[in-house]
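Now for the letters of each chain:
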Amino acid sequence: MANPKLLRRILLRSPLNDTVLDGARLFFSPFHEWRSHYSSIAPETLTQEENPGDNNSNKWFTLPPYTSTVDGGILGKEIARNRLENKNDAAIGRGAANPPYSSSTTALKWVVRCCPELPRSLVQKLFRLRQVRRESCDIGHSEMGDELQKPRLRRVTAKDSMNLGDRIYLPISVQEFPVDKKEYHCNEEEVSFIRSLELYKDPAIIVVNKPPGMPVQGGIGIKRSLDELAATCLSYDCLEPPRLVHRLDRDSSGILVMGRTQTSATVLHTIFREKTFGASHDEIDNVKRILQRRYWALVIGSPRHRKGFISAPLRKVVLDNGKSDRITVMHNSQTLASQHAITKYKVIGSSHGYTWLELSPITGRKHQLRVHCAEVLGTPILGDYKYGWQAHKNWKPFPCSNHENNSNEVPKRKILPFGLDLDNGDISDKHPRLHLHCKQMVLPDISLVLQNVQLYSDYDLSHLESIKLVASLPSHMQRSWELTNS
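Below is a summary of the structure that appears in this document. Here the structure is a predicted model, which means the values were calculated and not measured.

**Points about the overall build of the protein chain**
Logical step 1: Per the secondary structure count, the protein chain includes twelve helices and 22 strands.
Logical step 2: A fraction of 72% describes how many contacts in the protein chain between residues 6 or more apart in sequence connect residues 24 or more apart.
Logical step 3: With an accessible surface of roughly 26400 Å², the protein chain has 48% of that area assigned to carbon and sulfur atoms.

**A few points about the nonpolar core**
Logical step 1: Within the largest apolar cluster, 72 residues are counted, with the highest numbers of intra-cluster contacts made by Leu 75, Ile 79, Ile 194, Val 257, Leu 359 and Leu 443.
Logical step 2: It is helix H8 (residues 262-277) that contributes the most residues to this core, five residues altogether.
Logical step 3: If we ignore the near neighbours within four places in the chain, the residues touching Ile 194 are Met 214, Leu 226, Leu 229, Cys 233, Leu 234 and Phe 418.
Logical step 4: Core analysis: the second largest hydrophobic core is formed by 20 residues, Ala 107, Leu 108, Val 111 and Leu 118 among them.

**Quick word on the environment of Thr 328**
Logical step 1: Along the chain, the position of Thr 328 falls in strand E18 (residues 324-329).
Logical step 2: Along the primary structure Thr 328 and Pro 313 are separated by 15 residues, whereas in three dimensions their C-alpha atoms are 8.5 Å apart.
Logical step 3: Not counting chain neighbours up to four residues away, the residues in contact with Thr 328 comprise Pro 313, Leu 314, Arg 315, Val 317, Val 371 and Glu 375.
Logical step 4: At 3.2 Å, the side chain of Thr 328 and the side chain of Glu 375 are in polar contact.

**Here's the deal with unusual backbone geometry**
Logical step 1: In the Ramachandran plot, Tyr 236 falls in the positive-phi region, its phi being about 55 degrees despite a non-glycine side chain.
Logical step 2: Here Tyr 236 lies in the loop between helix H7 (226-233) and strand E13 (243-244).
Logical step 3: For His 352, which is not glycine, the phi dihedral falls at a positive 55 degrees.
Logical step 4: Topologically, His 352 is positioned in the loop between strand E19 (342-351) and strand E20 (354-361).

**Observations regarding the pairing of strand E15 (residues 292-300)**
Logical step 1: For E15, a buried count of seven out of nine residues is recorded, marking the element as mostly surrounded by other parts of the structure.
Logical step 2: As paired strands, E15 and strand E21 (residues 436-444) are joined by six bridges and run antiparallel to one another. Paired with Arg 293 across the bridge in E21 is Met 441.
Logical step 3: Note that E15 and E20 share six bridges and pair antiparallel.

**Details of helix H9 (residues 368-376)**
Logical step 1: Counting buried positions over the nine residues of H9 gives seven, a clear majority of the element.
Logical step 2: For H9, the set of buried residues is Gln 368, Leu 369, Arg 370, Val 371, His 372, Cys 373 and Ala 374.
Logical step 3: Immediately beyond the C-terminal end of H9, within one or two residues, lies Gly 378, with a positive phi of roughly 75 degrees.

**A short note on the packing of aromatic side chains**
Logical step 1: Within this structure, the stated rule accounts for seven aromatic pairs.
Logical step 2: Between the aromatic rings of Trp 356 and Trp 481, the centroid separation amounts to 5.2 Å while the plane-to-plane angle is 70 degrees, which identifies the pairing as edge-to-face. Note that Trp 356 is positioned in strand E20 and Trp 481 in helix H12 (residues 475-484), a separation of 125 residues in sequence.
Logical step 3: Overall, Trp 356 belongs to the buried group, its relative accessible area being 2%.
Logical step 4: Here the aromatic residues Trp 296, Trp 356 and Trp 481 are joined through ring pairs into a cluster of three or more.
Logical step 5: Above the plane of the ring of Tyr 236 lies Lys 201, whose end atom (NZ or CZ) is 3.7 Å from the centre.
Logical step 6: Residue placement shows Lys 439 over the ring face of Trp 296; its charged tip is 4.9 Å from the ring centre.

**Concerning the pairing of E18**
Logical step 1: When strand E17 (residues 314-319) meets E18, the two strands line up antiparallel, connected through six bridges. Within the sheet, the bridge partner assigned to Val 318 lies in E18 and is Asp 325.
Logical step 2: Between the antiparallel neighbours E17 and E18 lie four residues, among them Asp 320 with a positive phi of about 55 degrees.

**Looking at helix H6 (residues 188-196)**
Logical step 1: Those residues of H6 that sit buried are Glu 190, Val 191, Phe 193 and Ile 194. Along the axis of H6, the buried residues cluster in a sector spanning 160 degrees; they form a single face. Facing away from the buried side of H6 by more than 90 degrees, the exposed set consists of Glu 188 and Ser 196.
Logical step 2: Its buried side turned inward, H6 meets strand E11 (198-201) and H7.
Logical step 3: Its side-chain oxygen placed 3.1 Å from the backbone nitrogen of Glu 189, Asn 187 serves as the N-cap of H6.

The rules we used
- Residues numbered from 1 in each chain as written.
- Predicted model: local features only at pLDDT ≥ 70, side-chain atom pairs only at ≥ 80, totals over all residues.
- Heavy atoms only, no water.
- Helix = DSSP H or I, 4+ residues; strand = E, 2+ residues; numbered from the N terminus.
- Contact = heavy atoms within 4.5 Å.
- Areas by Shrake-Rupley, 256 points an atom, 1.4 Å probe, with all protein chains shown as cover.
- Core = buried A, V, L, I, M, F, W, Y, C linked by side-chain atoms within 4.5 Å.
- Buried < 20%, exposed > 50% of the residue type's maximum accessible area, 1.4 Å probe, protein only.
- Polar contact = N/O pair within 3.5 Å; in protein donor to acceptor, adjacent residues only side chain to side chain.
- Pairing = 2+ DSSP bridges.
- Phe/Tyr/Trp six-rings, centres within 6.5 Å; stacked < 30°, edge-to-face > 60°.
- Lys NZ or Arg CZ within 6 Å of the ring centre and 35° of its normal.
- Arc of directions from axis to C-beta.

Any link to function would need more than the numbers given here.
Set out below in structure tokens:
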């Protein structure tokens, strides 16, 4: 929570010319780059409810005019509902007409969207102190009978709805607010490495092949996470940083999708969420899923059946007085609907007591694949010491060929940025890495959908173009694949 005294001092002080205030970086939003957003408004040019009390009140920081935006939540739900095999069934499930995808928003949400660097507590305080104005147009009449648009500047509350063309004015002093947000500066080698992970990019999304050992999100003890690095290295010409729409475990690898805009991220996040909440075992074989994911995993042992479905609900169990937790299968018959988890699996190949599986999660629960493999199939994933610790108690590395055993040459390990070591951890290592990789994904072309929805109000979502993504195996899994198939 920001210091109230500091906030009041910032709101009342005159603007500074310096770009640094008390050694802290000043607030700067990408929207500041837009022409005419920063303007000095004189009392003569606007009809105000009250006269300004000082010179500082004559100047405002101007946000871009409000335009109707696509509601990513509504659009994402509608895309998720169009999953049936043919257009007739899809029309029945959708109804005769498409719902409106555009939505209105409140003044508070518009300020937060335009100025993401401003602390929400400060924005709320500006509204409480009645420091926010809105310019709307009233229709008047000239002596000739022509209609005139008279701009009016009035106080606006946080919950007031925005109308098309409305502009929000904030005290100019907000640009001097010190931002404590930590910036990550990457050298050329680090930027090059992160960009080398790219699999696909369009105006709406960016997809990377996440390496094992790199956390997706920040947390306690995490110095660099992929979402923070993406904001530094993968923003390119976008004014907004890439946003996560789903997760991968730190030790797993593979396809990770991020939205390049707030709208595309909301659409994709809704699709991932609806995929989980809307899935049921009865509809699996009858539904053409708009979102498909296929993982490869090397497991210890072999399942009883070469293919099938796992439908086992999951729950979180807190351990060590709240210091840790784990996911486990819930055997209680009174299962909450939101906790069900479904996985489709099939055997790719088996040898030497190990099995390669293709896993397709129908739902998206935390640690779903790892728990289903360990507790339901009885074949824990290699390198999963949390859920397969018993199988690793007497672990013996996979024997290599005589030529490799007799070789005295020690391969030189490649030093990678961010402390990553991707050369070890295969099945012949004393401590193998987690062998779980998101190898394939099919998802709707969100960029094309957004373009068509904005152009055509009656755009048909029953037949969507898809994007097919494939991520190569990480080095330790590729090495294990070669050893088990030799």
